[in-house]
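Observations on the three-dimensional arrangement
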Amino acid sequence: MRKALVVGIDEYPGGAKLKGCVNDAMEVAGLLDTNADGSPNFDVMVSNNVKTRSVLKSLVLDLFKGDDEISLFYFSGHGYVTDIGGYIVTPDFSRHDEGISMDEILSVASLSAARHKIVILDCCHAGAMGATTIPGNSAAFLKEGVIILASSRSTELSVEASGQGVFTSLLIDALKGGAADIGGEVTPGNIYSYIDKALGGWKQRPVFKANIVRTISLRKVKPLVALSELRKLTEYFQHADSEYPLDPSYEYTAEAPDTDNINTFKILRRMQLIGLVEPVGEEYMYWAAINKKSCRLTSMGTYYWKLLTDKRI
């Protein structure tokens, strides 16, 4: 089974109230619940505006007590850091008792019998999870199967913009397909890469820590290039260093377009979008066709061409 606990907390006392955490949590929960084709994905439990540390701790303990394929915890709310470590903050916080220790959550996850344990934090100082703050602190050690995806480094704040966490808005885009691989699988590593690139010059930097032995998928979306189309690589390119000749008949705006060539060109352009092929001698595929140039495999395209040739796909 794949289980997920999703928590967003807006209702903090006084001036600590937040605006977008519950909405973020609900959108993340909806995406984790099903794959893009509507098939079931995670068994999601949503618990927003949890009022006390003890209640949230019990939910976390319940999440990680099983031997599931994946146990995933997502939290959006306040985070805090002291000289002895980071905390996710609950509304009943007080001085010297800010919430649940990130080290404690990591220890619970590490001791879980679940095959994969994933913690996604969108809170200030989220990168403190898994960071060594005290010499000999074993909680900072990631046991096999543990993955941490944090919205910011331990010294940084996590930004809200337009009523939504900047990190979670990108996480949502990634789960919708922005971070999908060639087969339509959205993996934690690809999510981190997508968010890291998208943040660009922001001072807030995401953190990714993992100890995994195999890649896992958090959601499946429709791939840009279907497997049936991907297999055409060996049809279009007889050898890894072959070039596929183009001419104006491949472009529907030309004077004498060819229907079969146009359909082939659509596939080639989709292959270009995911980095499998590139035009030769032109910047765009359109001009490669109009000017009777060609296209060729990229290094990634060559990799998949070899997998297809060896019948590994």
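Up top is the structure these notes are about.
Conventions adopted
Sequence positions are assigned chain by chain, starting from 1 and proceeding in written order. In view of the model being predicted, local features appear only for residues whose pLDDT reaches at least 70, and side-chain atom pairs are presented and counted only at 80 or more, with totals across whole chains, interfaces and linings using the full set of residues. Hydrogens and waters are ignored; side-chain quantities use all the structure's heavy atoms. By the criteria applied, helices consist of DSSP H or I runs no shorter than four residues and strands consist of E runs no shorter than two, each listed in order from the N terminus. Under the convention used throughout, the expected extent of a helix is 1.5 Å for every residue step, that is, one less than its residue count. A 1.4 Å probe rolled over the protein chains alone gives each residue an accessible area, and that area as a share of the maximum for its type sets the label: buried under 20%, exposed over 50%, partly exposed in between. A pair of strands is treated as paired once DSSP finds two or more bridges between them. In this description, a nonpolar core means a group of buried Ala, Val, Leu, Ile, Met, Phe, Trp, Tyr and Cys residues linked to one another through side-chain atoms lying within 4.5 Å. Note on contacts: a residue pair qualifies if any of its non-hydrogen atoms lie within 4.5 Å across the two residues. Polar contact is defined as a pair of N or O atoms within 3.5 Å, subject to the rule that within protein one atom must be able to donate a hydrogen and the other to accept it, and that residues adjacent in sequence are counted only when both atoms are side-chain atoms. The directions from the helix axis to the C-beta atoms are what the arc is built from. Each axis is a line fitted through C-alpha atoms, and for a helix only the stretch in contact is used; angles between axes span 0 to 180 degrees, taken between their N-to-C directions.

For helix H4 (residues 166-178), spanning 13 residues, the distance from its first C-alpha to its last is only 15 Å, which falls clearly below the expected 18 Å at 1.5 Å a residue. Where H4 is concerned, the buried positions are Val166, Phe167, Thr168, Leu170, Leu171, Ile172, Ala174 and Leu175.

Now for the pairing of strand E7 (residues 116-122). Of all 7 residues making up E7, 7 are buried, and the element is well covered by its neighbours. Along E7, one buried face is formed by His116, Ile118, Ile120 and Asp122 and the opposite face, lined by Lys117, Val119 and Leu121, is buried too. Inspection of the sheet shows strand E3 (residues 70-76) paired to E7 by 7 bridges, in the parallel sense. Residue pairing across strands places Leu72 opposite Ile118, the latter belonging to E7. By the bridge criterion, 5 bridges tie E7 to strand E8 (residues 146-150) in an arrangement that is parallel.

Judged by nonpolar contacts, the single largest core of 33 residues is most densely connected at Leu56, Phe73, Phe75, Ile88 and Leu121. At the level of secondary structure, the elements contributing two or more residues to this core comprise strand E1 (2-8), helix H2 (53-63), E3, strand E5 (85-94), helix H3 (102-111), E7 and E8. If one sorts the elements of this core by residue count, H3 sits on top with 5 residues. Once residues lying within four places of it in the same chain are set aside, the contact partners of Phe73 are Leu5, Val7, Leu56, Val60, Leu63, Phe64, Ile88, Ile105, Ile118, Val119, Ile120 and Leu121.

Before going further, it helps to spend a moment on the side chain of Ser152. With respect to the helices, strands and loops of the structure, Ser152 is situated in the loop between E8 and strand E9 (160-161). There is a polar contact of 3.4 Å between the side chain of Ser152 and the backbone nitrogen of His125. Among the polar contacts made by the side chain of Ser152, one reaches the main-chain carbonyl oxygen of Glu156 at a distance of 3.5 Å. Not counting residues within four places of it along the chain, the set of residues in contact with Ser152 comprises Cys123, Cys124, His125, Ala126, Gly127, Leu157, Ser158, Gln204, Arg205, Pro206 and Val207.

Okay, H2 next. Every buried residue of H2 is listed here: Leu56, Leu59, Val60 and Leu63. For H2, the angular spread of the buried residues around the axis is 100°, confining them to a single face. Taken together, the buried residues of H2 touch E1, strand E2 (43-46), E3, E5, strand E6 (97-101) and H3.

This part is about the sheet that holds strand E4 (residues 79-82). With antiparallel pairing, the 3 strands of this open sheet are ordered in space as E4-E5-E6. Edge positions in the open sheet fall to E4 and E6, since each of these has one partner strand only. Neighbour-to-neighbour, the strand axes of this sheet turn through a mean angle of 55°, independent of strand direction. As defined by bridge partners, E4 adjoins E5 across 4 bridges and the pair is classed as antiparallel. Bridge pairing links Val81 to Gly86 in E5. H2 rests against E5 and E6 of the sheet, and its axis sits at about 5° to E6. The sheet contacts of H3 involve E5 and E6, and relative to E6 the element is tilted by about 20°.

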